[in-house]
Amino acid sequence: MDTMSRRTFLKLCTNALLALGLGRYIPAAAASRTIKFPRQIITADSSTSRTIMWQADGGQQDSSFVLTVPGGSPEPYAPEANTLLQDATTTTFYTVHLTGLTPGTHYEGTIRMADETVTLPIVTAASEVSAFEALLIDDSQCGETYEPFAQLLEKALARNPRASFLADIGDLTDNGQSSWHWDSFLAVLTGSRAKDMPFVPVMGNHECYGLDWQFALPRRYLASFSVPDNGSRNFPGYYYSFDYGPAHFIVLNTQLTELDDLKPGLLQEELLWLKHDAASSNKPWNIVLMHKDVIAYDEYQPGTGHAGGISDVGHDFMKAFDALGIDLVLTGHMHTYRNRGHIYNEQPDRRGPVYLMFGPAGNERYTVPPDTTFDKVSLDQSDPNRYRNYMTLTVTPAKLIATCFLEDGSTIDRVTLTK
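Residues numbered from 1 in each chain as written. Predicted model: local features only at pLDDT ≥ 70, side-chain atom pairs only at ≥ 80, totals over all residues. Heavy atoms only, no water.

Visitor: How do you make sense of the overall build of the chain when you look at a structure like this?
Guide: When helices and strands are counted, the chain shows 8 helices and 24 strands. Considering the chain as a whole, with its 419 residues, one finds that 58% of them fall into the buried category. For the chain, contacts bridging at least 24 residues in sequence account for 71% of all contacts bridging at least 6. With an accessible surface of roughly 16,200 Å², the chain has 51% of that area assigned to carbon and sulfur atoms. (Helix = DSSP H or I, 4+ residues; strand = E, 2+ residues; numbered from the N terminus. Buried < 20%, exposed > 50% of the residue type's maximum accessible area, 1.4 Å probe, protein only. Contact = heavy atoms within 4.5 Å. Areas by Shrake-Rupley, 256 points an atom, 1.4 Å probe, with all protein chains shown as cover.)

Following this line, the structure appears as structure tokens:
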């Protein structure tokens, strides 16, 4: 969530210092490693495949990856390597795509570079219909320190040890071209148990800001996450979909304002892809993950905003959701929780999907008024110590339960859908 008006001179100066690496949180141990931020990325089918990524400072170096299954022989892989120069920093990203895996199997992956070795447990999904739990966060962006995000993530992971994957629904970092922000975010992510499960990234508007807070192409986001192929020549990595158990997840890109002048044509291409992708799914549940919300607000200075009906993003996508039988739409961007209930033809109506907005996981806080037309449940924002929140999904072929929790573990809201 952001506009240029929110960036005061003080904020610009503060973040300029952070962009130079003068902020806090990156652990000393992480800063000294050769192999940095090893992570697992979601694939189209997590029962038979997995993507492993890591990175290193500077140009390409010799690196290797070995996959081992208990009782089996080690299988070596040669990683792909891509180098990015951004924010006066050269980073090399290494990627290994694992395919042909056995469902419900525990593997071990070993990364080697220089004199360093890192081992990751890799657990494939049990089957195409098995029930699962997922953990979702949103707006993990932070200001001068990512410690608040680290604290929330640690608590959420501890309370949900059976989570099959972790999703972040946009604005992962506060600045999409700042090496400090990216390193701080990834240090939290890979310094926790989250590195042992697939990660589902969703692009937010902050991924499309440069160090000058002007709109910029999301080069660092795209380099950091090798997501499932969407078949696009112009927008690979900008949006995608994946299956997990009895659910089909559609990850949409809502950064049309930020990207249209820099790289036009995203919305038209995305809508065509969306219709084909959703129609091709045979899963009981179709769930959309996208950053910006479907309700509009006057921009976001505390005490001055008001609800404004359906947003531009809502007008762009909601009629397609109605036609395609989407069950649940999860959004963020406004840094608070709102249960919109079912919406169809841009009006409250049980024929349409359920819309839930949640977050933040980071330390950026805003006051956002409820919408009297759509909101069924609104988070009380009066306590500044009780605003960070996260969500869990429990999914079976016949039931979907979405629960939003405050950082202290108390329940904000629970929504149950049945087939």
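Visitor: What's the story with the pairing of strand β11 (residues 198-201) in this structure? I'm lost.
Guide: Side-chain direction in a regular strand flips from residue to residue, so the side chains alternate between the two faces of the sheet. Neither face of β11 is left uncovered, since the one carrying Pro198 and Val200 and the one carrying Phe199 and Pro201 both have all their residues buried. Across 2 bridges, strand β1 (residues 36-41) lies against β11 in parallel orientation. Each residue of the ladder has a partner; that of Ile41, found in β11, is Phe199. Two elements, strand β10 (residues 163-168) and β11, share 3 bridges in a ladder whose sense is parallel. Note that in β11 the partner of Ala167 across the bridge is Val200. One crossover worth recording links β10 to the parallel β11 by way of helix α4 (residues 179-190), and it is right-handed. (Pairing = 2+ DSSP bridges. Right-handed = clockwise from strand over helix to strand, strands pointing away.)

Visitor: How do you make sense of the sheet that holds strand β8 (residues 116-123) when you look at a structure like this?
Guide: Strand pairing within a sheet occurs via backbone hydrogen bonds; the two strands may be parallel or antiparallel. Taking strand neighbours across the sheet as the criterion, the 4 strands line up as β4-β3-β7-β8 in an open arrangement whose pairing is antiparallel. This sheet does not close on itself; its edge strands, each paired only once, are β4 (75-77) and β8. Each strand axis lies, on average, 25° off the axis of its neighbour in the sheet, ignoring direction. Pairing geometry for strand β3 (residues 63-68) and strand β7 (residues 106-113), over 6 bridges, is antiparallel. Residue pairing in the sheet places Ser63 in a bridge with Met113 of β7. (Axes fitted to C-alpha atoms, helices over the stretch in contact; angles between N-to-C directions.)

Visitor: Help me understand the sheet that holds strand β9 (residues 132-137), please; the structure alone is not making it clear to me.
Guide: In space, the 10 strands of this open sheet follow the order β5-β6-β2-β1-β11-β10-β9-β22-β23-β24, with mixed pairing throughout. Only two strands of the sheet have a single partner each, and these edge strands are β5 (80-86) and β24 (411-418). Mean inter-strand twist for the sheet, computed between neighbouring axes without regard to direction, equals 25°. Along the sheet face, α4 touches β1, β2 (50-57), β5, β6 (89-98), β10 and β11 and points at about 65° away from the line of β1.

Visitor: What's the story with the nonpolar core in this structure? I'm lost.
Guide: The biggest cluster of nonpolar side chains holds 105 residues, and the ones touching the most others in it are Leu136, Phe185, Phe225, Phe249, Leu289, Phe321 and Leu393. With 7 residues, the top contributor of residues to this core is α4. Ignoring any residue separated from it by four or fewer positions in sequence, one finds Leu393 in contact with Phe132, Glu133, Ala134, Leu136, Phe249, Ile287, Leu328, Leu330, Leu400, Ile401 and Ala402. Grouped together as the second largest cluster of nonpolar side chains are 17 residues, Ile52, Trp54, Phe65 and Leu98 included. (Core = buried A, V, L, I, M, F, W, Y, C linked by side-chain atoms within 4.5 Å.)

Visitor: Just checking my understanding: could you explain the side chain of Ser47 for this structure?
Guide: Relative to the elements of secondary structure, Ser47 occurs in the loop between β1 and β2. For Ser47, the side chain forms a polar contact with the side chain of Asp45, separated by 2.6 Å. Apart from the residues lying within four places of it in its own chain, the contact partners of Ser47 are Leu101, Thr102, Pro103, Thr124 and Ala125. (Polar contact = N/O pair within 3.5 Å; in protein donor to acceptor, adjacent residues only side chain to side chain.)

Visitor: Please clarify how a nonpolar patch on the surface should be interpreted in this entry.
Guide: A cluster of nonpolar residues, Phe215, Leu217 and Leu262, forms a patch on the protein surface that exposes about 230 Å² of accessible area. Overall, Leu217 belongs to the partly exposed group, its relative accessible area being 32%. (Patch = residues over 30% accessible without salt bridge, like charges linked within 9 Å, V, L, I, M, F, W, Y side chains within 5 Å. Salt bridge = Lys/Arg side-chain N within 4 Å of Asp/Glu carboxyl O.)

Visitor: Before we go on, may I ask you to explain unusual backbone geometry in this structure?
Guide: Most peptide bonds adopt trans geometry, and most residues besides glycine take a negative phi value. The step from Gly359 to Pro360 runs through a cis peptide bond, and the omega angle for that step is 10°. Structurally, Pro360 is set in the loop between β20 (354-357) and β21 (377-378). Its identity is not glycine, yet Asp87 carries a phi of approximately 55°, on the positive side. Residue placement: Asp87 occurs in the loop between β5 and β6. Overall, Asp87 belongs to the buried group, its relative accessible area being 18%.

Visitor: What exactly am I supposed to notice about helix α7 (residues 266-280) here?
Guide: What sets the pattern is the α-helix's 3.6 residues per turn: residues three or four places apart point alike. Over its 15 residues, α7 runs 21 Å from end to end, which matches the ideal 21 Å to within 8%, given 1.5 Å per residue. Here α7 has its buried residues at Leu266, Leu267, Glu270, Trp273, Leu274, Asp277 and Ala278. On an axial view of α7, the arc spanned by its buried residues comes to 130°, and they lie on one face. Across α7 from its buried face, at more than 90 degrees, point the exposed residues Gln268, Leu272, His276, Ala279 and Ser280. (Expected span 1.5 Å × (residues − 1). Arc of directions from axis to C-beta.)

Visitor: Hey, could you run me through the environment of Val377 in this one?
Guide: Tracing the sequence through the fold places Val377 in strand β21. Relative accessible area serves as the criterion here: at 23%, Val377 is assigned to the partly exposed category. Not counting chain neighbours up to four residues away, the residues in contact with Val377 comprise Tyr337, Arg338, Asn339, Ile412 and Asp413.

Visitor: It is not clear to me how the side chain of Thr336 should be interpreted in this structure. Could you clarify?
Guide: Positionally, Thr336 belongs in the loop between β17 (328-331) and β18 (338-344). Here Thr336 falls in the buried class, since its relative accessible area comes to 0%. Polar contacts involving the side chain of Thr336 include one to the side chain of Gln381, which spans 3.5 Å. Beyond its immediate sequence surroundings of up to four residues, Thr336 is in contact with Met357, Phe358, Gly359, Pro360, Val368, Leu379, Gln381 and Asn389.

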